[in-house]
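Listed here are the chains, written in short residue letters.
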Amino acid sequence: MCGRDRLRPAASRSVSVDECVKDALVFALRDGQVASDAAASIEGGIAPEGGLGAVWEYLGTSGIHGASLSLLHPERAKVVHHRAQWELGVPASGSFDDVMLGVIYVLRVPSDEVVPWLENALADDPRIAYVHRPALRYPLRDQRRHTGGGNVSSDWGVRRCRFPEVWDILDVGMSERGIAIVDQGRDEGHKELRGRITVVHPPGSGGMRSPHAGSVAGIISAIRDSPREEELKGCCSANLFLYNVWKADGCFDYCAYYRALGALDCTKVSVVNLSIGGTAGDFTEAREVAACLARGVVLVAAIGNRGKGGIPEYPALHTGVVAVGGTNASDSPAAVSTRGDHMWISAPGELIWTVDGKKLYSALTGTSYAAPFVTAAVWLARRCKPSLTVGETRALLKKSVAEYTVPPDGHSADLGHGRLDMVALATALNAPPAYPD
């Protein structure tokens, strides 16, 4: 665990004034024993000390409306003290997830004016592991839309990565595990995705309407049974679980995002697509990502659309995440694609034909649309060999690239280890496709 000075976010972070997050703090206790001790003092009629005491005092002030302290993952904790505005819990068990995630709290206040004071009080409390304001995340798409495919065919990305050549050997039989998409937007009911998507969170009709998640889903798993050559062809036949982590008013829902990551289970999903990003670090996101990886869930994230020299973005920057850059029809880095030494692999990300809303199709550009190719590749690999660990999957992807795209030193900030090639992946899995004599 890093020291508190390193964990404390910079006061100048721009997201602190954003409407979505300006009135919130997220913090974690050092461990479950701290929560137990604090609860014991409260039950004994003694107010907590330090930062917890400052929060207790603030929430107990008469006339404060809309302020609250709640557990981020109530299902992972036992609530040991509760009142109208205060919820304190300890981990429900001693497992990795419960210890790491069961002591994270969300503090909401009615005005951002008091946030710096509470943030400083919590940061100065030695019982607090970290405190921060939630970082914003955005869909990593190029805002321009192209209704035609330009000089490339509508399915050029699928064919460039040679997905059709491995469908008969890797995409056969039933698979119990699907793909999770944590993104902006709901299932728009496009015919290409009918029966493929289950909306997991938020329940009911909540969440922002946006075509972004559907466009990502179309690349991964659009139905391929149309005889028309120009119809969209998805990379695999996986069932998709969509977590919409944006509010209906357009704000990024950081709590829904954390909880979506916390809910991912490798027995139900083998890989997660994260075509979202932002430049600000977020310690709760880092903790959720680490827990996902420890549970055996592979995380595939778009690297960003800031071009060469652009600021690297999270969650692709987190250790263990498969960071995906975008390429064009010449197998060069797409102009919009961020570069960086953390890039693991690249895939087509320019003029990618996919669904765009309930009935439309568009050729879209951005690393949002490169990541789904790699996500589908991971799902097919783990479908063929379910025992693959997260580390083994990353090592497999390192080999699953077109030989002529491998940089001279084996890796570069422009292409990672190279551009995805499914025949190379099948060969690395010892399941090479059969070619006619």
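What counts and how
Residues numbered from 1 in each chain as written. Predicted model: local features only at pLDDT ≥ 70, side-chain atom pairs only at ≥ 80, totals over all residues. Heavy atoms only, no water. Buried < 20%, exposed > 50% of the residue type's maximum accessible area, 1.4 Å probe, protein only. Helix = DSSP H or I, 4+ residues; strand = E, 2+ residues; numbered from the N terminus. Salt bridge = Lys/Arg side-chain N within 4 Å of Asp/Glu carboxyl O. Pairing = 2+ DSSP bridges. Axes fitted to C-alpha atoms, helices over the stretch in contact; angles between N-to-C directions.

## A short note on helix H9 (residues 254–263)
Counting buried residues along H9, eight of its 10 residues qualify, which places the element largely inside the surrounding structure. Of the positions making up H9, those classed as buried are Tyr-254, Cys-255, Ala-256, Tyr-257, Tyr-258, Ala-260, Leu-261 and Gly-262.

## What to know about unusual backbone geometry
The omega torsion of the bond from Tyr-314 to Pro-315 falls at 5°, within 30 degrees of zero and hence cis. A positive phi is found at Arg-162, a non-glycine position, where the angle reads about 60°. Of note, Arg-162 is situated in the loop between helix H6 (156–160) and helix H7 (167–170). Since its relative accessible area comes to 29%, Arg-162 is described here as partly exposed. The phi dihedral of Asp-331 falls on the positive side, at around 60°, and the residue is not glycine. Secondary-structure assignment places Asp-331 in the loop between strand E15 (322–327) and strand E16 (343–348). For Asp-331, a relative accessible area of 11% translates into the label buried.

## Regarding the pattern of salt bridges
Applying the stated criterion to the full structure yields 13 salt bridges. Measuring nitrogen to oxygen at the nearest pair gives 3.8 Å for the salt bridge that ties Glu-75 to Arg-76. Several salt bridges converge on common partners, so that one network encompasses Arg-160, Asp-331 and Arg-419.

## Notes on the sheet that holds E16
In a beta sheet, neighbouring strands are held together by backbone hydrogen bonds and run either parallel or antiparallel to one another. Taken in spatial order, the seven strands make up an open sheet running E10-E11-E9-E12-E14-E15-E16, and their pairing is parallel. Two strands lie at the open edges of the sheet, namely strand E10 (197–201) and E16, each paired on one side alone. Averaged over all neighbouring strand pairs, the angle between strand axes comes to 30°, with direction disregarded. As defined by bridge partners, E10 adjoins strand E11 (residues 240–244) across four bridges and the pair is classed as parallel.

These figures come from the coordinates and say nothing about function on their own.
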